[in-house]
Amino acid sequence: MDFSDATTEKATQEHSDSDNAHGLTDSAVHTVVKPLHRDMEGTSPADPIVWFGQAEAQFATPNITSDQTKHHHIVSALQPEIAVEVRDLIINPPVEKPYATLKAELIKRTTASEQRRVQLLLSDEELGDKKPSQLLRRMRQLLGERHLEEGIFKELFLQRLPPNVRVVLAASVDAVSVDALSNLADRIMDVHFLKSPRRHL
């Protein structure tokens, strides 16, 4: 799940009589919250947990503590395709803890289920033009917090490598970790690329 490089910049000048109510500093509040998009496959948002973590770090700088103010900032940063997932909480936000509720529900509704993560891991993710080490990182991202026995995970990783690479790695499979295998696979593929005849237009 990728974030857009573009950012939504919002500056809010709060009057002194409302500063205390919102937990803001005396100066103008200036926050930058990156829009939350769906990932390139269009299946789920780009890691909403990390996105909220970044937003909360930005809230801390101008001392934004009001749950309602946080809710307003987050809603303004949601892209339309994500906002529809929490339409009810945008149109009728809860009176108590609107931000906390929105955060919990957005993560719940948009984060791929553990089953879907495993299905992506098993069937959808391919090496493509990635390096083996990049593929390994992507597979771990899809796996999330779910635990798989290393031997099974290693086999899933190896199945996605080219046959000639698997042949070279065969002697090392049981002796080294999957991280070591991915680094070795990187070197094998680099050597194979250098030896491959160059194509001319």
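What counts and what doesn't
Residues numbered from 1 in each chain as written. Predicted model: local features only at pLDDT ≥ 70, side-chain atom pairs only at ≥ 80, totals over all residues. Heavy atoms only, no water. Helix = DSSP H or I, 4+ residues; strand = E, 2+ residues; numbered from the N terminus. Buried < 20%, exposed > 50% of the residue type's maximum accessible area, 1.4 Å probe, protein only. Contact = heavy atoms within 4.5 Å. Axes fitted to C-alpha atoms, helices over the stretch in contact; angles between N-to-C directions. Parallel < 35°, antiparallel > 145°, perpendicular 65-115°, else oblique. Left-handed = near helix turned anticlockwise from the far one by under 90°. Nonpolar A, V, L, I, M, F, W, Y, C, P; charged D, E, K, R; others polar. Salt bridge = Lys/Arg side-chain N within 4 Å of Asp/Glu carboxyl O.

Q: Would you mind showing me how to read the environment of K154 here?
A: Note that K154 resides in helix α9 (residues 150-159). Residue classification places K154 among the buried residues on the basis of a relative accessible area of 10%. Ignoring any residue separated from it by four or fewer positions in sequence, one finds K154 in contact with V173, V176, S177, V178 and L181.

Q: What is the right way to read the packing of helix α2 (residues 48-60) against helix α3 (residues 67-77) from this model?
A: Think of two packed helices as two axes; the pair is described by the angle between the axes and how far apart they sit. Here α2 crosses α3 at 130°, and the two axes come no closer than 12 Å. Between α2 and α3, the interaxial angle falls into the category oblique. The hand of the α2/α3 crossing is right-handed. Residue-level contacts link W51, F52, A55 and F59 of α2 to K70, H73, I74 and A77 of α3.

Q: Help me understand the packing of helix α8 (residues 132-143) against α9 in this model?
A: Orientation of α8 relative to α9, taken along the N-to-C sense of each, is 130°, at an axis distance of 11 Å. It follows from the interaxial angle that α8 and α9 lie oblique. Here the hand of the crossing between α8 and α9 comes out right-handed. Judged by residue contacts, P132, L135, L136, M139, R140 and L143 of α8 engage F153, L156 and F157 from α9. Here the contact of α8 with α9 is composed, by residue class, of 8 nonpolar, no polar and 1 charged.

Q: How should the environment of V75 be read in this particular structure?
A: Mapped onto the fold, V75 is located in helix α3. The contact partners of V75, leaving out residues within four places of it in the chain, are I90 and L102.

Q: Can you help me understand the pattern of salt bridges in this one?
A: Any two side chains of opposite charge can pair, given that their charged atoms come close. Enumeration according to the criterion identifies 4 salt bridges in this entry. As a salt-bridge pair, E56 and K103 come within 2.9 Å of each other at their nearest N and O atoms. A residue pair is termed long-range when its members are at least 10 positions apart, and E56 in helix α2 and K103 in helix α6 (residues 98-110) qualify at 47 residues. The partner of D88 in a salt bridge is R109, and the shortest N-O contact between them spans 2.9 Å. Note that D88 is positioned in helix α5 (residues 87-91) and R109 in helix α6, a separation of 21 residues in sequence. Judged by its relative accessible area of 32%, R109 is partly exposed. Salt bridges sharing common partners tie together D88, E105 and R109.

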